Amino acid sequence: MSTLLLIEQVLNGLQFGVMLFLMAAGLTLIFGVMGLINLAHGSLYMVGAFAAAATAAATGSFVLALVAALIAAAAAGAIVELTVIRRLYDRDHLDQVLATFALILVFSEGTRWIFGSFPLYLDVPAALAGPVTLPGGIEYPAYRLLIIGMGLAVAAGLFLLISRTRIGIQIRAGEADREMIGALGVDISKLYTLVFALGAALAGLAGALVGAIQSVQVGMGEPVLILAFVVIVIGGIGSIKGAFVGALLVGLTDTLGGVLLPEFFALFTEASSAKLIGASVASMAIYILMAGVLIFKPTGLFGGQT
Amino acid sequence: MKLHSLMLAAGLAATASMGMAEKIKVGMITTLSGGGAGLGIDVRDGFLLAVKGNDDIELVIEDDQRKPEIAVQLADKMIQSEKVDVMTGIIWSNLAMAVVPAATAQGKFYVSPNAGPSALAGKGCHPNYFNVAWQNDAYHEAAGKWASENGVGKVVVMAPNYPAGKDAITGFKRFFTGEIADEVYTKLGQQDYAAEIAQIRASGADMVYYFLPGGMGISFMKQYAGSGADVQVMGPAFSFDQGILGAIGDAALGVKNTAHWSKDLDVPGNADFVAAFQAEYGRLPSVYAAQGFDTGLLLASAAAKADVADADAFRAALKEADFQSVRGEFSFGANNHPVQTIYVREVVKEGDVVTNKLLGAAAENHSDAYAADCKM
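Residues numbered from 1 in each chain as written. Chains lettered and ligands numbered in written order. Predicted model: local features only at pLDDT ≥ 70, side-chain atom pairs only at ≥ 80, totals over all residues. Heavy atoms only, no water.

## A few points about the overall build of chain A
Working step 1: A tally of regular secondary structure across chain A gives eleven helices and two strands.
Working step 2: For chain A, the sequential pattern of α-helices and β-strands runs α-α-α-α-β-β-α-α-α-α-α-α-α.
Working step 3: Taken over the C-alpha trace, chain A has a radius of gyration of 20 Å; the compact-globule value for 306 residues is 19 Å, and the two agree within 12%.
Working step 4: Evaluated residue by residue, chain A yields a buried proportion of 52% over its 306 residues.
Working step 5: Considering only contacts within chain A whose residues lie at least 6 apart along the sequence, 78% involve residues at least 24 apart.
Working step 6: As displayed, chain A has an accessible area near 13000 Å², and 72% of this comes from carbon and sulfur atoms. (Helix = DSSP H or I, 4+ residues; strand = E, 2+ residues; numbered from the N terminus. Rg over C-alpha atoms; globule rule 2.2 N^0.38 Å. Buried < 20%, exposed > 50% of the residue type's maximum accessible area, 1.4 Å probe, protein only. Contact = heavy atoms within 4.5 Å. Areas by Shrake-Rupley, 256 points an atom, 1.4 Å probe, with all protein chains shown as cover.)

## Section: helix α4 (residues 93–115) of chain A
Working step 1: When the terminal C-alpha atoms of α4(A) are compared, their 32 Å separation across 23 residues agrees well with the 33 Å that a helix rising 1.5 Å per residue should span.
Working step 2: Among all positions in α4(A), only A:Q96, A:T100, A:L103, A:I104, A:F107, A:S108, A:T111 and A:R112 are buried.
Working step 3: Tucked inside the fold, the buried residues of α4(A) contact α2 (41–59), α3 (62–83) and α9 (221–235) of chain A together with α1 (37–50) of chain B.
Working step 4: Trailing α4(A) by a residue or two, A:G116 shows a phi angle of about 85°, which is positive. (Expected span 1.5 Å × (residues − 1).)

## Quick notes on the state of the cysteines
Residues and elements named next belong to chain B.
Working step 1: If you walk through the whole model with that rule in mind, you get one disulfide over all chains.
Working step 2: Here C125 connects covalently by a disulfide to C374, the sulfurs 2.0 Å from one another. The sign of the 90° torsion about the S-S bond sets the C125-C374 disulfide as right-handed. You can see C125 sitting in the loop between α4 (118–121) and β6 (129–131) and its partner C374 sitting in the segment after β14 (353–366), a full 249 residues away along the chain. (Disulfide = S-S within 2.5 Å.)

## As for the domain arrangement of chain B
Residue and element names in this part refer to chain B.
Working step 1: What the domain assignment lists for chain B is domain 1 (4–134 + 265–336) and domain 2 (138–259 + 341–373).
Working step 2: Every contact between the two is made by 14 residues of domain 1 and, on the other side, 17 residues of domain 2.
Working step 3: Buried area between domain 1 and domain 2, both sides added, is near 1300 Å², and the carbon and sulfur share of it is 65%.
Working step 4: Broken down residue by residue, the surface that domain 1 buries against domain 2 is led by W134, L265 and V287, which jointly contribute 34%.
Working step 5: At the boundary of domain 1 and domain 2, one finds zero salt bridges. (Domains from an automatic or database assignment. Buried area = accessible area lost by both parts, 1.4 Å probe. Salt bridge = Lys/Arg side-chain N within 4 Å of Asp/Glu carboxyl O.)

## Quick look at the environment of A:K297
Working step 1: Examined against the element boundaries, A:K297 turns out to sit in the segment after α11 (271–296).
Working step 2: Taking the C-alpha atoms as reference points, A:K297 and A:G235, separated by 62 residues in sequence, lie 9.8 Å from one another.

## Comments concerning the packing of aromatic side chains
Working step 1: A complete count under the given rule lists 26 aromatic pairs over all chains for this structure.
Working step 2: With a centroid separation of 5.2 Å and 85° between ring planes, the pair formed by A:F264 and A:F268 is classed as edge-to-face.
Working step 3: When its relative accessible area of 59% is taken as the criterion, A:F268 is described as exposed.
Working step 4: Ring centres 5.5 Å apart and planes at 55° place the aromatic pair B:W134 and B:Y139 in the tilted group.
Working step 5: Here the aromatic residues B:Y193, B:Y210, B:F220, B:Y224 and B:F240 are joined through ring pairs into a cluster of three or more.
Working step 6: The ring of B:W92 carries the charged tip of B:R66 above its face, separated from the ring centre by 3.7 Å. (Phe/Tyr/Trp six-rings, centres within 6.5 Å; stacked < 30°, edge-to-face > 60°. Lys NZ or Arg CZ within 6 Å of the ring centre and 35° of its normal.)

## A word on the interface of chain A and chain B
Working step 1: At the interface, 36 residues of chain A touch 38 residues of chain B.
Working step 2: Joining chain A to chain B, the criterion identifies four salt bridges.
Working step 3: Between A:E8 and B:R201 there is a salt bridge; the shortest N-O distance is 3.3 Å.
Working step 4: The tally of links between chain A and chain B comes to 16 residue pairs in polar contact (both at pLDDT 80 or more). (Polar contact = N/O pair within 3.5 Å; in protein donor to acceptor, adjacent residues only side chain to side chain.)

## Describing the pairing of strand β2 (residues 24–30) of chain B
Residues and elements named next belong to chain B.
Working step 1: Along β2, seven of the seven residues are buried, which leaves the element largely enclosed by surrounding structure.
Working step 2: The two faces of β2 match: I24, V26, M28 and T30 on one face and K25, G27 and I29 on the other face are all buried.
Working step 3: Here β2 pairs with strand β3 (residues 57–63) via seven bridges, running parallel. Bridge pairing links I29 to E62 in β3.
Working step 4: Strand direction decides the pairing type here: β2 and strand β4 (residues 86–88), joined by three bridges, are parallel. The partner of G27 across the bridge, within β4, is M87. (Pairing = 2+ DSSP bridges.)

Below is the structure:
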């Protein structure tokens, strides 16, 4: 394998990683601040993608589509928080899992009701449709570079939000001690709605960005949700920094594992079965990574004490 | 979710002139919700169109949600409490394997409008099991044959790492005489193909043949078009059918794909079917719709000839396949699987609609590789 191909694959892993970060950031914030396991996070990702596809079809503008995705997902998140999630904070995790699983079903069938059963069309904007040539002669799709750029920008924005602003202080305080910040006069229910809407908006943004290169269809959020859970377990539940490092680790492991493991097994067995074995082991790679991290750091890389 | 729609497929239109025809009760289990629902909906709609106004056929439709355990429950219910005579509708091979052997063992007929797993074509074949669509390998075999005959030298083959994916690659290789540059197995349900596309570009192949059903194919094709790769693409119709071409858009233009049917196939009845389907449902029919339609026609033809209570006579009537298939010539081989021509189509743009255009036959009178294992 040439160095150029390897660099390209590292970029692919990076792009996958930042996309996972957008999902995992919201999930880990919601868990950290409110102690809530939100299985419906994947549905908010889907809401973002559908809102973007519908807006792009109506207006032809990709920027408007992204804005619509952010607004629709944030609004859906806020509505869900106000009507359903709010009643779950004092319940145990099993009740939360059941209720948010029910939300998945409601969102999926509701989306099918409105948009039908066939996948929607959403394409990358024409200006970013082709590849660009990077230094060293690597041809890389311009749109994927945009995803990497936007993901890193959102990550930087989140770090600033959490470390430098008043909201950020409240979020961190909420993670440390929920009852106490209520006692100190912070309007806790408003903070919860805000955090939930923020997490939802990030998921919606991820859905819209990824929907343009993948398929916009009912049920698209659940596979990503599982990976996002792996990311926050590796990174440490509740930690944004952990979500970022975990997402990049998972992205790189998954991509490079899929490329390198079949080559690795080809050193020992004949090509055709090496491909099969390599592909099978590669699909386990991120879970092996997760198990490995948990053995040495049971609360994840950046997790506090539970 | 508990979609239960019981419908009488017939109005009270004039009774058929042949007084001998008895009613048959058909149980359709298909995927109407969840991922992949578009396929089941097309099969159902095609079937309903074919039996519209036919009061020999009473239809019960249930949604399996693409889950084997639900399909099995529904099948039990249909056999034991609804007392259906014939079952049909299943889209996915894993669901078919969970339902079909049990249904045929209980003396029911099963007519498959889509899934054609090799196990049911070979050792597991059954006199009461008929497949109106294709054996799973057929499109891939025809594609391999077409590629060999059209001067394609080196091919990268790609499929998900699960039984139907391995069958696809085996099927393609069975008739392909050139060189396999690389075999790539993806994860089932994978949505991002950047790594695979980089491998394809680096392989120096003339063509990439891929089997990625449903949303996987949409993702791959959109990403492939944006990557700047210029290796020719080919696939089975599953990846380029009407239901998903709309979601891929212009990125699919020029791609070749294999199918047993095309909407511009010049055989009697096909143009009428396409027009009637469009008038009824407001969209172009897919191969799945054509399969559902043929399934309906086959059952109607058998119902007109024989009483379903006489299993031997009904079986013989099914086997005759005395109906005008929208794919043209059609007959059942020894294992009750189709003998038919598989065509090559090319994705083109007609006005604003991205659709398929017929290029020609890839494999004529094609049957499957498993018939020899079938003892019945």
